[in-house]
Every structure is written in structure tokens, then in C-alpha cells.
Amino acid sequence: IYEGAGAATDRRFRLDTEDPPAGDDPAPGYRSRLTQVVEQLPDGAGGWTDGQRWTLTGKKITSGVQSWYVPEKITDPAGGITTLDHAVVDWMPVLTRITRPRGNVPVTQVVEVKALGSPDQTAPRVTSQTDGRGNTTTLAYDPSSHRVTVRRPDNSTVVFDHFGEFQGPKAF
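The rules we used
- Residues numbered from 1 in each chain as written.
- Predicted model: local features only at pLDDT ≥ 70, side-chain atom pairs only at ≥ 80, totals over all residues.
- Heavy atoms only, no water.
- Pairing = 2+ DSSP bridges.
- Helix = DSSP H or I, 4+ residues; strand = E, 2+ residues; numbered from the N terminus.
- Buried < 20%, exposed > 50% of the residue type's maximum accessible area, 1.4 Å probe, protein only.
- Polar contact = N/O pair within 3.5 Å; in protein donor to acceptor, adjacent residues only side chain to side chain.
- Salt bridge = Lys/Arg side-chain N within 4 Å of Asp/Glu carboxyl O.

1. Section: the pairing of strand S6 (residues 81-89)
Here is step 1: Sheet topology note: the strand S5 (residues 66-75)/S6 ladder contains 3 bridges and is antiparallel. Looking at S6, one finds that Ile74 is bridged to Thr82.
Here is step 2: Linking S5 to S6, which pair antiparallel, is a turn of 5 residues; within it Gly79 sits at a positive phi near 95 degrees.
Here is step 3: In terms of strand pairing, S6 meets strand S7 (residues 92-99) through 7 bridges, oriented antiparallel. By the bridge assignment, Ala87 is partnered in S7 with Val94.

Take a look at the structure:
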């Protein structure tokens, strides 16, 4: 991962992965798991040297015949641990809660199986998200019109057109 433009602001991160143990075969496309994010710093000679590192530990979640490795804990350079809670909704693991090292919870979310596009195109979708101050945003899905209505904590709404899994939504 590369971020920045120019020598004074250049930042790179190396993503270290490992393969699952022999015989432990997760879902296709999920063959390796992320174990570390390592900041890369310019070494002054045109190369890079390791800086701070974040370590990830995870767990295997199985649903039916498929398995996934999901991150469960992130240990930051100071030793603080952020936990990531997941639930299996329908057949897929989804993130439901993040807890920071000091115990604050910046986000929780509810995920339900909802249709979008047509009644038979169902998938786990976020239906509400609550921030650390208790402000809740809700999402309502209308499969017949391919629209998602987002109601913000201030009660304002924005409607998005969403026509495909690989197409970005368009706001009205």
C-alpha cells in the first residue's frame, strides 16, 4: 500500500500474510490471511526500512461448507488491542462491532439478509449503524426500485440508486 506524493510525505505499508495450516481450506479466494501491517520508512539511500508494525490475529468461521479467516484482534505498536466482533448472517461472516484498546466502541452495526435488485437477490446487508456517541444511521432497501434509503441521526435522508454488486451507488 502506498500513500503520499513527494519525499516528505511518502508512506508505504507492507502487508504480511500466511497460508492456513495444511488441510484447513477456507473459501476460494481466501487462501492466505493477513498477519501484519508494517510501516515502511525511507532509509535515506533510496530504499525502505521497517517502522511501526500492527499485528493481526484471527479466527476461522465456518458456515455450511465454507470457511473464512476473519481478523479478531489488532495489536498496535504501543501494545493496545482493538477487537473486531463478527457474526455469521445467512452464510457470510460480517463485522458487527469494533472495540478500541481503551474500551470505547466507535461503531456497532446490525446486519440482516435483505434483497436488493430483485426479491431473489438476497445478501447480508447493514441495516443500522451506531457510532460511539449513540447516534444511529439506518438503511432501508427497496429491491423493486434498486434503491437504498439512508436515514441519518439528524433524521435527514439520502437515497441511493444501486444497480449492481460491482457498481458504485449513485445519490439522488
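Having seen the model, we can carry on.
2. Description of unusual backbone geometry
With the exception of glycine, most residues fall at negative phi, and the peptide bonds are largely trans.
Here is step 1: Even without being a glycine, Asp90 presents a positive backbone phi close to 65 degrees.
Here is step 2: Asp90 gets classed as partly exposed once you look at its relative accessible area, which sits at 47%.
Here is step 3: The residue Asn155 is not glycine, and still its phi comes out positive at about 75 degrees.
Here is step 4: Tracing the backbone through its elements, the reader meets Asn155 in the loop between strand S11 (147-151) and strand S12 (157-161).
Here is step 5: Its relative accessible area of 53% is what places Asn155 among the exposed residues.

3. A few points about the environment of Ser144
Here is step 1: Here Ser144 shows up in the loop between strand S10 (136-142) and S11.
Here is step 2: Ser144 gets classed as exposed once you look at its relative accessible area, which sits at 64%.
Here is step 3: Along the primary structure Ser144 and Gly117 are separated by 27 residues, whereas in three dimensions their C-alpha atoms are 6.3 Å apart.
Here is step 4: Polar side-chain contacts of Ser144 include one of 2.8 Å to the side chain of Asp142.

4. Section: the pattern of salt bridges
Here is step 1: On inspection of all chains with the given rule, the structure shows 7 salt bridges.
Here is step 2: Between Asp16 and Arg14 there is a salt bridge; the shortest N-O distance is 2.7 Å.
Here is step 3: Overall, Arg14 belongs to the partly exposed group, its relative accessible area being 30%.
Here is step 4: Two residues, Asp85 and Arg97, come together in a salt bridge whose shortest N-O distance is 4.0 Å. Here the residue Asp85 occupies a position in strand S6, and Arg97 occupies one in strand S7, the gap between them amounting to 12 residues.
Here is step 5: One salt-bridge network, in which partners are shared between bridges, spans Arg14, Asp16, Asp50 and Arg53.

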